[in-house]
Protein chains: 2
Amino acid sequence: MSEEPVTRPVPARRRDTRLDAYAHNYAERTFGMTASAIRALFAVANRPEVVSLAGGMPNISDLPLDVVSSTLSDLVAERGTQAMQYGAGQGEPMIREQICEVMRLEAIQAHPDDVTVSVGSQQGLDLLTRIFCDPGDVVLCEAPSYVGALGVFRAYQCQVSHVAMDEHGLVPEALTEALAAHAAAGRRVKFLYTIPNFHNPAGVTQTLERRERIIEIAQAAGLLVVEDNPYGLLGFDGDPTPAIRSLDADNVVYLGSFSKTFAPGFRIGWVLAPHAVREKLVLAQESATLCPPVFSQFAISAYLSRHDWRGQIKQFREMYRERRDAMLAGLQTHMPAGTTWTRPTGGFFVWVRLPEGLDAQAMLPRAVSARVAYVPGNSFYADGLGSRHMRLSYCFPTPERIIEGTRRLGEVMAHEASLHETFGFLGSGAAGGPYEAPGANQS
Amino acid sequence: MSEEPVTRPVPARRRDTRLDAYAHNYAERTFGMTASAIRALFAVANRPEVVSLAGGMPNISDLPLDVVSSTLSDLVAERGTQAMQYGAGQGEPMIREQICEVMRLEAIQAHPDDVTVSVGSQQGLDLLTRIFCDPGDVVLCEAPSYVGALGVFRAYQCQVSHVAMDEHGLVPEALTEALAAHAAAGRRVKFLYTIPNFHNPAGVTQTLERRERIIEIAQAAGLLVVEDNPYGLLGFDGDPTPAIRSLDADNVVYLGSFSKTFAPGFRIGWVLAPHAVREKLVLAQESATLCPPVFSQFAISAYLSRHDWRGQIKQFREMYRERRDAMLAGLQTHMPAGTTWTRPTGGFFVWVRLPEGLDAQAMLPRAVSARVAYVPGNSFYADGLGSRHMRLSYCFPTPERIIEGTRRLGEVMAHEASLHETFGFLGSGAAGGPYEAPGANQS
C-alpha cells in the first residue's frame, strides 16, 4: 500500500480517458485541496458490517419527528412565502435572537446584531478565514486540531502552527512561546483557533482558569481568539463551563452550531463577532451565498419556539454519556498493554495513543478488514505528525456496537503488536513526535 | 449627497464608539468588499409605499403551499433522520439525477456524477472562482454583468474585463478582440462568464447561432466558458434555446438554480462541470460547508417527485409575461423622449438607457422620494461605467404597481430632464462610455 492511502483523491471514472484540460489553469490554492481522510473512509466505513468509530455524525434518532413534521407543515402553510424567499445576508432576525438565548447557557451576553448565520459553523470558519487571512499568514491551532478547520486553513493557504495541549486543553505557556517565536521571526499571527469543550479529536476540556489565562495572553498580544464550540452543551457533568467569549467580548469570535444540539441537515451555524468583524462577515456571506438557507432558519426557529429544546439536549446528553461509558469500558477491556486514551466529559470523541511501534495510518486497512474503522491521528495535524494516535468516536453506533468495535480493534492492535515484537517497527511515517496524547490515562 | 451614495457600508450602530481593533488585520481581499447597491437599496425599497423595480426576488405566491406543506410533513415522518443528517459534499444522488432531468429541457445531456450541488448558484460561482482564480487573474464578463458575479470576482481579487453586448447578447467579435488584447499583454484569462438567457441586467438573449460562434472562439482559444442560467426556463416565446453546454460538454461549466423555477429560500443551485473540474469543486465544497443543505435537497427532490413542476413553471412564465407586458406598456406611456430600453423575451429585467445628461445614480434619491426604486446601471460594471443606465425588474410587483412605478419614474425623469435643459449636466460620474445599451429600442 501507498504511504498515504487515505489522502489520495478518488480516482477518475474509467470513462474519462482524456487528461484534465484545465490542469494548468487552477488557482494556486487548489493544489492544496485533497480529499480528507474522513471522506475517503466513509465509503468503506458505511458498509453495515463495519463498526464505524470514524465518523462524527450525531445520533439524531431520538428527535421528535412528529413535532418537526407538524412544525414544518404549519410553517409552510402559515409563512411559506417568507420562509421560501430570499432573506438577509446576515440571517433572519428571529433566529439571531434565539441564538443569543442558546448562548446564554454558556454565560455569553450577546446582541442579535452581532450574530451572522452561516451554512453550518464550517462556513462560519470559512468566511472568517476569508476576511482575515492572506496566503502565508499564520494561524495557531491546538495539536491535534479539527480536520475540517485544517482544510479551511489549507484552502486559504495559511500556515498552521500547532500549540501543545494537555489534559486541560491548550497549554498557556506553549501559546506564549509560539507567539514569541512568530514575533521574533516577523510572522504575523492572524488568530488562535481553539475548541475549548470536549475537543475534536482530543476529547479534553479547558478549565475556566485556563480560559482566563489564554484570554489574558491573547489580550496582551493583540491576538484574536476564534472559539469553536459545537459540543459545549453536550457535557456529561453538570453545567457548561463559561465560554471564552463570556470573558471577553472584544477579542473573541465565537462559532456555534445547531448540528449537534438539533440536526446537521439544515446546515445552520453562526458566528458571534465584534461589530466591525461582523460587518465584514456579512459582506463575505452575501458574496458567497447571497444569504444562508432561509427555510432552514425558519424551520429551526419554529422548532425552538414549539419544542422543549433544552429537554431534548438533556436527553441527547444522557444518550451520549451512555455511549461514552460503553467506549471507555470497551477500551478498558480490549486494548493491549501500552495503549492510553483520554476520558472525555462530553462531546463525541476519545483520543487514543497506540503502543510503541504501532502506526494508526498503516494499521487502518487491516482494521477495516477486521470490520472496524477509525480516523488516524495524522489527519488532525497540518505537519504529518500524529500517526501513533487515532480518533475514536462514540456518537453514532449503539453501545453494544461500540463495545464490539473496541473488541475488533483490540484484536487488530494485539496482532500488530506481536508482529512488531517479531519484526520491528511497522509504521509508514513519522510516529510519535513532540505532540503527545494530551492527558492520556493509562488503561 | 456623496458621489457614491448607494455603495457605502451601512453605518455602525451608535453604541460602537471604539475603532475597529482589527482594521490592520484583515486580508487584502477584504478591502475590496463593499456593500452592494442592491443591499443598501433594500432598506428603503422595502417600505410599502415605494414601488420597487429594484429587487430580483421571484414572485412565489403562486406556489402550491398545500402541496409543499404535506410533502415536507411526509418527508420528515418517513425519512427525517436521513434528511436532517449530514450528507455528501457533492450533494445527494437523487436530486443530482433530477437536476439532469431539468437540464434536458435545454438540450443538455449530463451525468449526475458531474453535478455538484451548491448553496444557490451564487455559491457555485464562488466555488468555481475559488478553484480557478488567483489574485490578478482576468475574468471576461459581459458589459453589463450580474452584480453578484462581480462581487464574487472582486472577493477573489480577479481583474474583470468587460466584453460588449448587443441585442443578441455577447458580441463574438468583441470576445475575439478581448482575447487577443489579453494575450498580447501576457495576461491569462481564466474564463468567460456569460448569462445567455434573459440577461441580468440587460434583458437580452443570445441566439443559437451566436452561442455556436462563442463556443467556436472559446475552443480555439482554450477558454473555459461559465454559463450562468437561472432564468432559462422562464422564456415567454416557445421552447428554450439550447444551452451553450449542450454544444460542448468539455469546455463549458453550467450554473443552474431552483431559485426562480421553485423557490430561493432553500438555497439550492448546482454546477455541471467536466469531471476533473467537478472533483475540485467537491473538495472546495467540503472545505466551505462540509455539505450543501441536506434537508433542502430532500425537500426539493420530494417536491419535484410529487408535483407537476413543469406545469408550475409554465404558470410562472404566464405570470411573468403579464408583468413584462405591463412594464413595457408603462415605459411606452410614461418615459420621456430620448429614453430607450430592451424588450426581454423572458426572465425578470429591462435595461433602460436614460436621455442624454441624466445620471441614474444621481437621480436615485429623488426617485425614492417619489416612491419608486431601481438599480443604477453602474452597479453592473466593474469599471464605474453605466450610470446613464438603470435596471428595472418586473418580477415582484403586481402589473398595476409596475405601471404606477413607471409613471412615477417618468415624472422624476421629466423633471430631471427639464433641470438639465436649464442648468446642464446633472450627473455625478461618467455617463455613457464605450458600453452602450445593448439592443436598445427607441420608445
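Please refer to the structure placed before this passage.
Every chain begins its residue count from 1, and numbering advances along the sequence as written. Lettering for chains starts from A, numbering for ligands starts from 1, and both go in the order in which the items are written. Under the rules for a predicted model, residues below a pLDDT of 70 receive no local features and side-chain atom pairs below 80 are neither given nor counted, while totals for whole chains, interfaces and linings still include all residues. For side-chain calculations, the full set of non-hydrogen atoms in the structure is used, while hydrogens and water are omitted.

**Quick notes on the sheet that holds strand β3 (residues 138-143) of chain B**
Residue and element names in this part refer to chain B.
Inference 1: If DSSP finds at least two bridges between two strands, the strands pair. Note on conventions: DSSP H or I runs of at least 4 residues are helices, E runs of at least 2 residues are strands, and numbering of each starts at the N terminus. Taken in spatial order, the eight strands make up an open sheet running β2-β9-β8-β7-β6-β3-β4-β5, and their pairing is mixed. Each edge of the sheet is formed by a strand with only one pairing partner; in this case those strands are β2 (115-118) and β5 (169-170).
Inference 2: Alignment of strand β8 (residues 252-257) against strand β9 (residues 269-272), held across four bridges, turns out to be antiparallel. Of the residues in β9, the one forming a bridge with Ser 257 is Gly 269.

**Description of the pairing of strand β4 (residues 159-166) of chain B**
Residue and element names in this part refer to chain B.
Inference 1: As defined by bridge partners, β3 adjoins β4 across six bridges and the pair is classed as parallel. Of the residues in β4, the one forming a bridge with Val 138 is Gln 159.
Inference 2: Handedness is read with the strands pointing away from the viewer; a crossover is right-handed when the path from the first strand over the helix to the second is clockwise. Following the chain from β3 across helix α5 (residues 147-155) to the adjacent parallel β4, one finds a crossover that is right-handed.
Inference 3: Here β4 runs beside β5; their pairing, made up of two bridges, is antiparallel. Its bridge partner being in β5, Asp 166 is matched across the sheet by Gly 169.
Inference 4: Between β4 and β5, which pair antiparallel in sequence order, lie two residues.

**Digging into the packing of helix α4 (residues 120-132) of chain A against helix α8 (residues 275-289) of chain A**
Residue and element names in this part refer to chain A.
Inference 1: Here α4 crosses α8 at 110 degrees, and the two axes come no closer than 9 Å. Classified by the angle between their axes, α4 and α8 sit roughly perpendicular to one another. Relative to α8, α4 is oriented so that their crossing is right-handed. Residues Gln 123, Leu 127, Leu 128, Arg 130, Ile 131 and Phe 132 of α4 pack against Val 277, Lys 280, Leu 281, Ala 284, Gln 285, Ser 287, Ala 288 and Thr 289 of α8.
Inference 2: Amino acids are sorted into nonpolar (Ala, Val, Leu, Ile, Met, Phe, Trp, Tyr, Cys and Pro), charged (Asp, Glu, Lys and Arg) and polar (every other residue, Gly among them). Taken together, the residues of the contact of α4 with α8 sort by class into eight nonpolar, four polar and two charged. Here, axes are lines fitted to C-alpha atoms. For helices the fit covers the stretch in contact, and angles between N-to-C directions go from 0 to 180 degrees. For classification purposes, angles smaller than 35 degrees are called roughly parallel, those larger than 145 roughly antiparallel, those between 65 and 115 roughly perpendicular, and all remaining angles oblique. We call a crossing left-handed when the near helix sits turned anticlockwise from the far one by less than a right angle, and right-handed when that turn is clockwise. Should any heavy atoms of two residues lie within 4.5 Å, those residues are considered in contact.

**Observations concerning the environment of Asp166(A)**
Residues and elements named next belong to chain A.
Inference 1: Among the structural elements, Asp 166 can be located in strand β4 (residues 159-166).
Inference 2: For the pair Asp 166 and Val 204, spaced 38 residues apart in sequence, the C-alpha to C-alpha distance is 8.1 Å.
Inference 3: In terms of polar contacts, Asp 166 uses its side chain to reach the backbone amide nitrogen of His 168, at 2.8 Å. N or O atoms closer than or at 3.5 Å make up a polar contact, with two conditions inside protein: a donor-capable atom paired with an acceptor-capable one, and, for residues adjacent in sequence, both atoms drawn from side chains.

**A word on the sheet that holds strand β8 (residues 252-257) of chain A**
Inference 1: Ordered by their spatial adjacency, eight strands build an open sheet running β2-β9-β8-β7-β6-β3-β4-β5 (chain A), and the pairing between neighbours is mixed. One side of each edge strand has no neighbouring strand; the edge strands of this open sheet are β2 (115-118) and β5 (169-170) of chain A.

**Looking at the relation of the copies chain B and chain A**
Inference 1: For the least-squares superposition of copies, only C-alpha atoms count, and only for residues with pLDDT at least 70 in both. Screw-axis analysis of chain B against chain A gives a translation of 0.0 Å along the axis, an RMSD of 0.0 Å, and a rotation angle of 180 degrees. In short, the pair behaves as if placed about a two-fold rotation axis. Nearest to the rotation axis, the C-alpha of Ser73(B) is located 2.6 Å from it, this being the minimum over chain B.
Inference 2: The fraction of interface residues of chain B whose copies in chain A are also interface residues reaches 99%, indicating that both copies meet through the same surface.

**Examining the interface of chain B and chain A**
Inference 1: The interface is formed by 90 residues belonging to chain B together with 89 residues belonging to chain A.
Inference 2: When two components associate, each loses some accessible surface as probed by a 1.4 Å sphere; the sum of these losses over both components is called the buried area. Here chain B meets chain A over a buried area of about 7,600 Å², counting both sides, of which 56% is carbon and sulfur.
Inference 3: For the chain B face of the interface with chain A, the top three residues by lost area are Tyr22(B), Met84(B) and Tyr86(B), together amounting to 10%.
Inference 4: The interface formed by chain B and chain A contains 42 residue pairs in polar contact (both at pLDDT 80 or more).
Inference 5: Counting only elements with at least two residues in the side of chain B that touches chain A, the list comes to α2 (65-83), α4 (120-132), α5, α8 (275-289) and α9 (294-306) of chain B.
Inference 6: No other element matches α8(B), which puts 12 residues into the side of chain B that touches chain A.

**Observations concerning unusual backbone geometry**
Inference 1: Geometrically, the link from Ala143(B) to Pro144(B) is a cis peptide bond, its omega value of 5 degrees lying close to zero.
Inference 2: Position of Pro144(B) relative to the elements: it lies in the loop between β3 and α5.
Inference 3: In this structure, Pro201(B) follows Asn200(B) across a cis peptide bond, with omega equal to 10 degrees.
Inference 4: Mapped onto the secondary structure, Pro201(B) falls in the loop between β6 (189-194) and α7 (208-221).
Inference 5: One non-glycine residue, Phe198(A), lies in the positive phi region at around 50 degrees.
Inference 6: Note that Phe198(A) resides in the loop between β6 (189-194) and α7 (208-221).
Inference 7: Phi is positive for Gln157(B), which is not a glycine, with a value near 60 degrees.
Inference 8: Its place among the elements puts Gln157(B) in the loop between α5 and β4.

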